[in-house]
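Structural description and commentary
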Amino acid sequence: MTQLIRHPGVVESTGKQVLRVRSVQTSGCAACRAKGYCSSADVREKLVDVPVADAASYHPGDSVWVMETSSAGRRAVCLAFVIPFLLVLFSLVLFTIAGLTEALAAVLSLALLIPYYISLWLCRKRIGRQFIFSITPA
């Protein structure tokens, strides 16, 4: 059984077969009553384009649930954090073994992230097809 990640959202605008949904993501402490006195409370708004067949049945202001499979969430974490971390770690080790100074090895290892993130950006449409959101009324 596929587990779903659900976030509440509000329809911002509608298109032919696409809804733009504003989703508010909060950290665990953002719902705390003491968040006004704490600097660690974190709330972020994100706009998500969700392809739907029946976009005409939704209207701006409608409450909805935006859903994605947990495997897609893990894939996103890998692309954004795990792979870059491993790239920096392994390149740092290789540059150090190759005899470069630690400072130069560190700079070159971090510089390898530039082409990695540029390649992600260039492949964003192809990668985006792997992350399909679904929507249900709230």
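Since this is a predicted model, take the numbers as computed values, not measurements.

On to the environment of Arg20. With respect to the helices, strands and loops of the structure, Arg20 is situated in strand 2 (residues 18-26). Residues in contact with Arg20, not counting those within four places in the same chain, are Val10, Val11, Glu12, Ser13, Leu47, Val48 and Asp49.

When helix 3 (residues 113-122) is considered as a whole, its buried residues turn out to be Leu113, Tyr116 and Leu120. Buried residues along helix 3 cover an arc of 60° about the axis, so they all sit on one side. Counted as exposed and oriented over 90 degrees from the buried face of helix 3: Ile114, Trp121 and Leu122.

Moving on: the packing of aromatic side chains. One pass over the structure, following the stated rule, counts 1 aromatic pair. Taking the centre distance of 5.2 Å and the plane angle of 75° together, the rings of Tyr116 and Tyr117 count as edge-to-face. Residue Tyr116 is classed as buried on the basis of its relative accessible area, which comes to 14%. Positioned over the ring face of Trp65 is Arg6, at 3.9 Å from the centre of the ring.

Cut-offs used in this document
Residues numbered from 1 in each chain as written. Predicted model: local features only at pLDDT ≥ 70, side-chain atom pairs only at ≥ 80, totals over all residues. Heavy atoms only, no water. Helix = DSSP H or I, 4+ residues; strand = E, 2+ residues; numbered from the N terminus. Contact = heavy atoms within 4.5 Å. Buried < 20%, exposed > 50% of the residue type's maximum accessible area, 1.4 Å probe, protein only. Arc of directions from axis to C-beta. Phe/Tyr/Trp six-rings, centres within 6.5 Å; stacked < 30°, edge-to-face > 60°. Lys NZ or Arg CZ within 6 Å of the ring centre and 35° of its normal.

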